[in-house]
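Here is how the chains run, residue by residue.
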Amino acid sequence: MKEEIIIAGFGGQGVLSMGKILAYSGLLQGQEVSWMPSYGPEQRGGTANVTVILSDERISSPILNQYDTAIVLNQPSLDKFESTVKPGGVLIVDPHGLSRMPERTDIQVYSIDATEEATRTNNQKTLNMIILGGYLKIRPIVKIENVMAGLKKSLPERHHHLLPINEKAINMGMDLIKKIN
Amino acid sequence: MSEEVKLMKGNEAIARAAIRCGCDGYFGYPITPQSEVMETLMEEEPWKTTGMVVLQAESETSSINMVYGGACTGKKVMTSSSSPGVSLMQEGISYIACAELPCVVVNVMRGGPGLGTIQPSQADYFQTVKGGGHGDYKLIALAPSTVQEMADYTVKAFDLAFKYRTPVMLLADGAIGQMMEKVVLPEQRPRATEEEIRANCPWAIVGKPASRGRNVITSLALKSEEMEATNIKLQAKYREIEKNEVIVEMHNCEDADYIIVAFGLCARICQKTMEMAREKGLKVGVLRPITLWPFPTEEIKALANKCKGMLCVEMNAGQMVEDVRLAVNGKVDVQSFGRLGGIIPAPDEVLNALEKLVADNA
């Protein structure tokens, strides 16, 4: 198994954290992992992205030009990464941040109304967990119990009371994601 | 416990490995993209456990001179910074090299020149291996390419520094500093005791017993004959290091028609390129110098006799390629590919450059 993922959106949407939780989940499953963030000023607004690789074998380059899956949460990221999904690969978008929908027909495109759901439940910070849930529905590359354990590892202890809300968000994401192409 | 696999950033791995290998003191000044080195040390509070000192100096100039002072006493000391900060340290590094003191300097490179960018770069190759500071000195330079190696080569850097009484540079880049991977940390070694320092570092300034004369540590010798003798001694040591300490990694070089030479992060990107090229039927290998000085001249020379061409890939305008060309000495075509100013080359861009090399030498 090898999954090469790019997650991209605005700084503050939890893009880097989502990648971190995936990486921790892979670690707990005994996989090789790499987490390569954009670390520039974009973290504080503007576009941020992270490349995550989970693999059964040693990872050569942590920098890629093509991905199995792209998760895209805003228009600049769609413009930048739609063309980088491998043919037959997966593109997941939250339509809330987009002024146009993806155009490619040789990939599987999924949509998830995560921003809307996070706003509706008044838990804006669970946005990334809703999307993570949706992603794991499509690509069950890590077990949910490892995701929860990974979440626990990446969250400081003072936030551990938020674990149930996050688990609920992951489950919600699994229900919300729908294939549009 | 030391077997535990952890996920951490490259910068964090440096800090944790430093504590584990019995480092006595860290002196530094924050700069992106390596500030997590000091942040991790401050969070870990090793002064409460191993007794290691962690101090934020008022500048990089000050940090390197604190390192100079600490090293005089036989202590295991280090500093870390990123490119502009390391430029400020060059005077101190030259003094430390001349005074023959052990220390570790970490450079998590960012794009320059000038204040540049905070994105990753390898443009301090020349500064590291060709001097940087003034005078005829050399730095042992280790170039890690994974987070695990950030930890392993921190330990190795200290070992080499003490073996040869010389400053050692750990030359990483912003990407390896910021990325997270799996790491197994080295086992905790105790810090050297005062008695051990007296026994193992007879040159150290630790207080003069009646049994010997004064230890003097200086880089100043106003008589040219003395200064020449110092230089000759340094050069003899450098030849010894060149003979003993070259580390190089080779992937699929045995049957390769074309060799990509790259260090640090670029070497991993080029391995991906190698996989892509091999799928297309091109026999490509990757040679990765781990020590940038001493440089694997002999290994490259040997491959030049068997291959049709070499491509040197760097995140700079072509620096290491000069040393590759010296080693190859005109035997085969050596081309250079690099991205500048903080841009990381992608595996397919490198493949394009490789295909050009192949076309030119078909």
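Just above, that's the structure.
The following paragraphs examine the structure supplied in this document. Not measured: the values here are computed from a predicted model.

How each quantity is defined
Residues numbered from 1 in each chain as written. Chains lettered and ligands numbered in written order. Predicted model: local features only at pLDDT ≥ 70, side-chain atom pairs only at ≥ 80, totals over all residues. Heavy atoms only, no water. Disulfide = S-S within 2.5 Å. Buried < 20%, exposed > 50% of the residue type's maximum accessible area, 1.4 Å probe, protein only. Helix = DSSP H or I, 4+ residues; strand = E, 2+ residues; numbered from the N terminus. Arc of directions from axis to C-beta. Contact = heavy atoms within 4.5 Å. Buried area = accessible area lost by both parts, 1.4 Å probe. Salt bridge = Lys/Arg side-chain N within 4 Å of Asp/Glu carboxyl O. Polar contact = N/O pair within 3.5 Å; in protein donor to acceptor, adjacent residues only side chain to side chain. Expected span 1.5 Å × (residues − 1). Core = buried A, V, L, I, M, F, W, Y, C linked by side-chain atoms within 4.5 Å. Pairing = 2+ DSSP bridges. Axes fitted to C-alpha atoms, helices over the stretch in contact; angles between N-to-C directions.

## Observations regarding the state of the cysteines
Residue and element names in this part refer to chain B.
Phase 1: In this structure the tally under the stated criterion is zero disulfides over all chains.
Phase 2: Cysteine C98 is unpaired, with the sulfur of C72 as its nearest cysteine sulfur at 12 Å.
Phase 3: The closest cysteine sulfur to the non-disulfide-bonded C270 is located on C266, 5.9 Å from its own sulfur.

## Observations regarding helix α12 (residues 297-304) of chain B
Residues and elements named next belong to chain B.
Phase 1: I300, L303 and A304 are the residues of α12 that are buried. For α12, the arc enclosing every buried residue in end-on projection is 105 degrees, short of the 170-degree limit, so these residues lie on one face.
Phase 2: Buried positions along α12 lie against β9 (248-251), β10 (258-261), β11 (284-289), β13 (309-314) and α13 (320-328).

## A look at the interface of chain A and chain B
Phase 1: Listed by partner, the interface residues are 26 residues for chain A and 28 residues for chain B.
Phase 2: Between chain A and chain B lies a buried interface of about 2,100 Å² when both sides are counted; carbon and sulfur atoms form 62% of it.
Phase 3: The largest share of the area that chain A buries against chain B comes from Y39(A), S60(A) and N65(A), three residues that together contribute 31% of it.
Phase 4: E32(A) is the salt-bridge partner of K182(B), the closest N and O atoms lying 3.6 Å from each other.
Phase 5: Here chain A is connected to chain B by nine residue pairs in polar contact (both at pLDDT 80 or more).

## A word on helix α14 (residues 347-360) of chain B
All names here are of chain B.
Phase 1: When the terminal C-alpha atoms of α14 are compared, their 20 Å separation across 14 residues agrees well with the 20 Å that a helix rising 1.5 Å per residue should span.
Phase 2: All of the buried residues along α14 are P347, V350, L351, A353, L354, L357 and V358. For α14, the arc enclosing every buried residue in end-on projection is 165 degrees, short of the 170-degree limit, so these residues lie on one face. Exposed positions of α14 whose direction lies more than 90 degrees from the buried face are N352 and A359.
Phase 3: Check the buried side of α14 and you find it contacts β10, α11 (265-279), β11, β13 and β14 (333-338).

## Comments concerning the nonpolar core
Phase 1: Counting residues in hydrophobic clusters, the biggest one holds 121 residues, and the most contacted among them are M310(B), V324(B) and L354(B).
Phase 2: When residues in this core are grouped by element, the largest group, 10 residues, is from helix α7 (residues 147-164) of chain B.
Phase 3: Those residues in contact with L354(B) that sit more than four places away from it in its chain are Y258(B), I260(B), A277(B), L282(B), V284(B) and L311(B).
Phase 4: Counting 42 residues, the second largest nonpolar core, distinct from the first, contains L22(A), M129(A), L136(A) and I177(A).

## Considerations on the sheet that holds β9(B)
Residues and elements named next belong to chain B.
Phase 1: Spatial ordering of the open sheet is given by β9-β11-β10-β13-β14, a layout of five strands whose pairing is mixed. Each edge of the open sheet is held by one strand with a lone partner, namely β9 and β14. The mean angle between the axes of side-by-side strands here comes to 20 degrees, regardless of whether they run parallel or antiparallel.
Phase 2: Note: β9 against β11, four bridges, orientation antiparallel. Directly across from M250, in β11, lies its bridge partner L287.
Phase 3: The strands touched by α11 within the sheet are β9, β10, β11 and β13, with β11 carrying the most contacts at an inclination of about 170 degrees.
Phase 4: Here α14 sits on the sheet and contacts β10, β11, β13 and β14; the angle it forms with β14, its principal contact strand, is near 160 degrees.

The quantities given are spatial measurements derived from coordinates; they are silent on function.
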